[in-house]
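Examining the three-dimensional arrangement
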Amino acid sequence: MTLPQSAICAETGDFAVFLTLTLVPGAERTVRAILAGFPDMVEAVAAEFAEPRLVGSVAIGAEAWPRLMGPKRPAGLVPFAPLADGDRFAPATPADLFVHIHSPRHDANFALARRLMARLGSGATVAEEIHGFKHKGGRDLTGFVDGTENPKGEDRPEVALVGDEDADFRGGSHVSIQRWVHGLTQWEGLPVPQQEGIIGRTKETDEELDDSVKPPSAHIARVVIEEDGEELEILRHSLPYGTTSDSGLYFVAYGRDPATFRKMLDAMVVADADGNYDRLMDFSRPVTGAAFFAPSKDLLRQA
Ligand code: HEM
């Protein structure tokens, strides 16, 4: 039985800590051993806080993978490739490790993050630390419900976890992250019907717009991609983050095949033959981008 790390299939908690780290050359052996102990560390902090819904996962980027895990790598694990079209840009930013912690309690998340960082010491440097929070019961800061069409129940492992197609890495998951910064003043100046046309769903009641009225540039029109009659799927764990001056969505997606996220992002950024791209990109822009693989607990523990 190959168990996935606990943050992946769990329901998104009300609070999250998202950490991207860079690995200090020479510290590989120490860091590898600390990562091996991360699942136990999650359980220890969960027990201390009597919070069983405290979950965490660590994931490793393509360049750091051979340094930490050896020459054999998960199929499709490559560095995040930047994308650009017109004035739209999805950058790639440096990160060797991604730490994802979530639970109903910020204090428990924070304690776990601090414990991990204390153990890592000078072995890893923080590229970015972002604290996410659930807003109005699951709405993005744009005011729209985010996560409605996320896979549920048994579909979650099916969508997120690598299976027999890459047997050595079964139970692991490909992770893509992007921090998006919203232009909220500009967004809030738009009449609600226009906002609904940009997302492709109604704001208050979260219903999908009928195909006869949903613009081809709507967010959900871009990211819903069918192949062989099946919709491509990812498992999203995104949450709002920010300060009063700089805020947006910390986007996190897990998937068994990293190509799925790329196809969706491509359809958002790159205009099709009719000039349609994701209109959301006129109101929000990604400022970071990185790809990782979160090994199964068993593989992680084999340090
Ligand atoms: C759906 C917001 C970025 C993939 C949605 C929905 C909202 C939303 C409000 C509709 C409700 C739902 O089903 O969850 C945003 C915002 C983003 C963002 C505010 C950044 C500013 C992305 C990115 C991707 C993505 C980067 C993938 C590359 C999806 C998918 C769905 C979705 C797959 C479900 C579509 C469906 O099955 O109907 N998003 N999203 N989103 N989004 Fe995003």
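Residues numbered from 1 in each chain as written. Predicted model: local features only at pLDDT ≥ 70, side-chain atom pairs only at ≥ 80, totals over all residues. Heavy atoms only, no water.

The name an unreviewed UniProt entry gives the protein chain is Peroxidase, with Paramagnetospirillum marisnigri as the organism. Note on the protein chain: under the UniProt heading Cofactor (unreviewed entry), the record states "heme b". (UniProt positions renumbered as here; feature names shortened; annotations may be inferred.)

1. Some words on the coordination of the iron atom of the ligand
For the iron atom of the ligand, the protein supplies a single donor, His-219 (NE2), at a distance of 2.0 Å. Note that His-219 resides in helix α9 (residues 219-223). (Donors = N, O, S within 2.8 Å, 3.2 Å for Na, K, Ca; no water. Helix = DSSP H or I, 4+ residues; strand = E, 2+ residues; numbered from the N terminus.)

2. Section: the environment of Ala-124
Inspection of the secondary structure puts Ala-124 in strand β6 (residues 124-133). Looking at Ala-124, the relative accessible area reads 7%, which means it is buried. Spatially, the C-alpha atoms of Ala-124 and Leu-112 are 16 Å apart, while their sequence positions differ by 12 residues. Aside from chain neighbours lying at most four places away, what touches Ala-124 is Leu-21, Thr-22 and Val-24. (Buried < 20%, exposed > 50% of the residue type's maximum accessible area, 1.4 Å probe, protein only. Contact = heavy atoms within 4.5 Å.)

3. Topic: the side chain of Thr-202
Tracing the backbone through its elements, the reader meets Thr-202 in the loop between α8 (192-199) and α9. Take Thr-202: its relative accessible area is 18%, and that puts it in the buried class. In this structure the side chain of Thr-202 is engaged in a polar contact, spanning 2.8 Å, whose partner is the side chain of Thr-205. Residues within four places of Thr-202 in sequence aside, it is in contact with Phe-144, Glu-196, Glu-207 and Leu-209. (Polar contact = N/O pair within 3.5 Å; in protein donor to acceptor, adjacent residues only side chain to side chain.)

4. Some remarks on the nonpolar core
Formed by 37 residues in total, the largest nonpolar core has its most connected members in Phe-38 and Leu-68. At the level of secondary structure, the elements contributing two or more residues to this core comprise β1 (15-23), α2 (28-36), α3 (38-48), β2 (55-61), α4 (65-69), β5 (97-103), α5 (106-120) and α11 (297-301). Sorting elements by how many residues they give to this core places α5 first, with 6 residues. When residues no more than four places from it in sequence are discounted, the contact partners of Leu-68 are Leu-23, Glu-28, Val-31, Arg-32, Leu-35, Ile-60 and Leu-97. (Core = buried A, V, L, I, M, F, W, Y, C linked by side-chain atoms within 4.5 Å.)

5. Here's the deal with the pattern of salt bridges
If you walk through the whole model with that rule in mind, you get 23 salt bridges. In this structure, the salt-bridge partner of Glu-11 is Arg-156, at a minimum N-O distance of 3.9 Å. Highlighted residues: Glu-11 in the loop between α1 (6-9) and β1 and Arg-156 in helix α6 (residues 155-160), separated in sequence by 145 residues. Residue Glu-11 is classed as exposed on the basis of its relative accessible area of 58%. Judged by its relative accessible area of 5%, Arg-156 falls in the buried class. (Salt bridge = Lys/Arg side-chain N within 4 Å of Asp/Glu carboxyl O.)

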